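Notes for the structure review
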Amino acid sequence: MSDAQAQETRNPEETDAKKVKFIITRQDDPDSPSYDQEFEVPYRENMNVISALMEIRRNPIDSQGNQANPVIWDMNCLEEVCGACSMIINGTARQSCTALIDQLEQPIRLEPMKTFPVMRDLQVDRSRMFDSLKKVKAWIPIDGTYDLGPGPRMAENKRQWSYELSKCMTCGVCLEACPNVNDNSSFIGPAAISQVRLFNSHPTGEMNKSDRLEALMGEGGISSCSNSQNCVEVCPKGIPLTTSIAAMNRETNIQSFKNFFGGGN
Amino acid sequence: MALNKEFAARRLHSLLGIIPIGLFLMQHFVVNHFATRSAEAFNGAAHFMENLPFRIFLEMFLIYIPILFHGIYGLFIVFQGKANAKRFGYFRNWMYIFQRITGVFLLVFITWHVWDTWVQAQFFGAEVNYQMMADIVANPWMLAFYIVGILSATFHFSNGLWSFLVTWGITVTPKAQLAATYFTLVVFVAMSVIGLRAIFAFV
């Protein structure tokens, strides 16, 4: 008698025990068509979507009793700071680690985010976001052959708002919500624009301000924003993305005048 | 660094929508509002506009070229977006969609409107006067077409004014953007009243 059968005989009412129903959009590889598969997972207290997915991985049997492939998804920190486990849960793009089963309507629908290429099942490739960060030079260049000494101090009130911008975890939810981020456009999306504001607010980062602004003025940069303002509504970290975009609009306009008419750098 | 083409085109598109197209729209509505006084008042105003010095240059640089660029480039912008208000039904997202719907409709409406009036006068010897408009809107379908056209224009202008303020970095904070929402709402209502009063003066 296998372990599973043994458990069944030991606990005959288990079939009546509380189950959590899932409908999961699956895709076997980047090029194959997607399909839905239903799963029922035994309920545990304080369960979240990730612990349910782990349960499916332990026992990959669909709700018809057929053997299934374990569901693939991305995860890392499990406390909503890394952004890796974003997926569409009941129609809303969010992190699966903070999606508590008790707060979700059943059957729970899990889909991969649509803006990004699907690698497999719920796992998507967000590397375009990293490419965008590289494009806008979202870093502070301090490497060199000698010690540059301490940088200028940052005003406390500035630190406070720029700290909010630093909460961005590149999760991709704002890109998912943006109508202008899609196959027809090269728009880098809200996240990278806000990062330019973050690095330009830093007293040392400010020294390379114009490089980042000029990158934002490039193809697929800030001018591809059409102010639908979905990004600020959906950001799980509450980052004032539209404030960042408008602030960078002002800065890029000033930069473009400086570039054309001259004045400063 | 040379001016980036896309950046410059998008900024120009935003600017032209207000200056001169938005200003022209206001002027156009105000002049047409003379029709509420009398047919003669309207004819006088239309005649005055017709006889402005350098008219062909004024028309060319203040209307035709800006509106052609704004319309054609705007259509290009429409095709770059994928409407998603079903999934994200927020107010600004709906404004985003209405801006596109009214923009595309206005391309059709304004083309028809120019054909109906300016082209007829320029090439077929018709005279632009009160009677011409009265004949057009005598057809209830055309009247409806004009009403939708006027409301589309006032909406597209008011909402465009709102995003102009964001695009040019004038309204940055959510507070300023909310105030601009109310302000542009007032602009929308006021312009709609003027436009509708003018068109109904021809009925």
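By convention here, each chain's residues receive numbers from 1 onward along its written sequence. Chain letters and ligand numbers both follow the written order, the letters beginning at A and the numbers at 1. Only residues with pLDDT of 70 or above have their local features reported here, since the model is predicted, and side-chain atom pairs are shown and tallied only from 80 upward, although totals for entire chains, interfaces and linings are computed over all residues.

Attention shifts here to the overall build of chain B. Each helix corresponds to a stretch of at least 4 residues labelled H or I by DSSP, and each strand to a stretch of at least 2 residues labelled E; elements are numbered beginning at the N terminus. Looking only at helices and strands, chain B has 7 helices and 0 strands in total. Sequence-ordered secondary structure for chain B, helices as α and strands as β, is α-α-α-α-α-α-α. Our radius of gyration is a C-alpha quantity, and the globule rule it is checked against amounts to 2.2 Å times the number of residues to the power 0.38. In summary, chain B has a C-alpha radius of gyration of 18 Å against a globular reference of 17 Å for 203 residues, a match within 12%. In terms of overall dimensions, chain B has C-alpha extents of about 50 × 40 × 30 Å along its principal axes. When contacts within chain B are restricted to residue pairs at least 6 apart in sequence, those whose partners lie at least 24 apart make up 75%. Residues are treated as contacting if the C-beta atoms built from their backbones sit within 7 Å of each other.

This part covers the overall build of chain A. For chain A, the helix and strand inventory stands at 9 helices and 7 strands. Compactness check: chain A gives a C-alpha radius of gyration of 23 Å against a globular reference of 18 Å for 265 residues, more than 25% above the reference. The C-alpha extent of chain A, read off along each of the three principal axes, is 80 × 40 × 35 Å. Using C-beta atoms placed from the backbone, we call a residue buried if 20 or more other C-beta atoms fall within 10 Å of its own, exposed if 12 or fewer do, and partly exposed for counts in between. Here chain A holds 265 residues, and the buried ones make up 39% of them. Nonlocal contacts in chain A, meaning residues at least 24 apart in sequence, comprise 63% of its contacts between residues at least 6 apart.

What follows deals with the interface of chain B and chain A. Each partner contributes to the interface: chain B provides 28 residues, whereas chain A provides 28 residues. A total of 4 residues in the side of chain B that touches chain A trace back to one element, the largest contributor, which is helix 1 (residues 5-32) of chain B. Note on residue categories: nonpolar means Ala, Val, Leu, Ile, Met, Phe, Trp, Tyr, Cys or Pro, charged means Asp, Glu, Lys or Arg, and polar means any other residue, Gly included. Among the residues forming the side of chain B that touches chain A, the class breakdown is 12 nonpolar, 10 polar and 6 charged.

Under the feature "transmembrane region" (unreviewed entry), the UniProt entry names residues 12-34, 54-76, 97-115, 143-166 and 178-200 of chain B. Measuring from the first to the last C-alpha atom of residues 12-34 of chain B gives 32 Å, for a span that is 91% helix and 0% strand. UniProt positions are given in the numbering used here, feature names are shortened, and annotations may be inferred rather than shown by experiment.

Residues and elements named next belong to chain A. Residue ranges labeled as domains rest on an automatic or database domain assignment. Along its sequence, chain A is carved into domain 1 (3-124) and domain 2 (127-261). Between domain 1 and domain 2, the C-alpha centre-to-centre distance is 34 Å. If you look at the interface, domain 1 gives 12 residues, while domain 2 gives 12 residues. Examining the composition of the side of domain 1 that touches domain 2, we find that 3 residues originate from one element, strand 4 (residues 92-95), more than from any other. Of the residues assigned to the side of domain 1 that touches domain 2, the class counts are 5 nonpolar, 4 polar and 3 charged.

Here the focus is the sheet that holds strand 5 (residues 108-111) of chain A. Residue and element names in this part refer to chain A. Paired strands, in this sense, are two strands between which DSSP finds at least two bridges. Across the sheet, 5 strands lie side by side as 2-1-5-3-4; this open sheet has mixed pairing. Two strands lie at the open edges of the sheet, namely strand 2 (35-42) and strand 4, each paired on one side alone. Mean inter-strand twist for the sheet, computed between neighbouring axes without regard to direction, equals 35°. Note on geometry: axes are lines fitted to C-alpha atoms, helical ones only across the stretch in contact, with angles between N-to-C directions running from 0 to 180 degrees. Against the sheet, helix 2 (residues 49-58) contacts strand 1 (19-26), strand 2, strand 3 (86-89) and strand 5, and its axis sits at roughly 95° relative to strand 2.

It is worth spelling out the UniProt feature "binding site: heme" (unreviewed entry) in chain B at this point. Residues and elements named next belong to chain B. The residues that UniProt annotates with the feature "binding site: heme" (unreviewed entry) are His28, His70, His113 and His156. Discounting residues that sit within four places of it in the chain, His70 has contacts with His13, Leu16, Gly17 and Ile21. Topologically, His113 is positioned in helix 4 (residues 91-123).

What follows deals with the packing of helix 6 (residues 190-201) of chain A against helix 7 (residues 209-216) of chain A. Residue and element names in this part refer to chain A. Following both chains from N to C, one finds helix 6 and helix 7 inclined at 170°, their axes separated by 10 Å at the closest point. In terms of their interaxial angle, helix 6 and helix 7 are classed as roughly antiparallel. Across the interface between the two elements, Ile193, Val196, Phe199 and Asn200 of helix 6 pack against Lys209, Arg212 and Leu216 of helix 7. Tallied by class, residues from the contact of helix 6 with helix 7 come to 4 nonpolar, 1 polar and 2 charged. Here the angle decides the label: under 35 degrees means roughly parallel, over 145 means roughly antiparallel, 65 to 115 means roughly perpendicular, and every other value means oblique.

Let us now look at the environment of A:Val81. Residue and element names in this part refer to chain A. Structurally, Val81 is set in the loop between helix 2 and strand 3. A residue is classified by how many C-beta atoms lie within 10 Å of it, and Val81, with 14 of them, is partly exposed. Sequence separation between Val81 and Lys237 is 156 residues, and the spatial gap between their C-alpha atoms is 8.7 Å.

Turning next to the environment of B:Ala35. Relative to the elements of secondary structure, B:Ala35 occurs in the loop between helix 1 and helix 2 (39-50). On the neighbour-count criterion, B:Ala35 (22 C-beta atoms within 10 Å) is buried.

Moving on to unusual backbone geometry. The phi torsion of most residues other than glycine is negative, and most of the peptide bonds are trans. Of note, the amide linkage connecting A:Gln106 to A:Pro107 takes the cis form, showing an omega dihedral of 0°. Along the chain, A:Pro107 turns up in the loop between strand 4 and strand 5. Cis rather than trans, the peptide bond between B:Ile19 and B:Pro20 has omega equal to 10°. Tracing the backbone through its elements, the reader meets B:Pro20 in helix 1. Phi is positive for A:Glu80, which is not a glycine, with a value near 55°. As for its position among the elements, A:Glu80 is in the loop between helix 2 and strand 3. Although it is not a glycine, A:Asp121 sits at a positive phi angle of roughly 50°.

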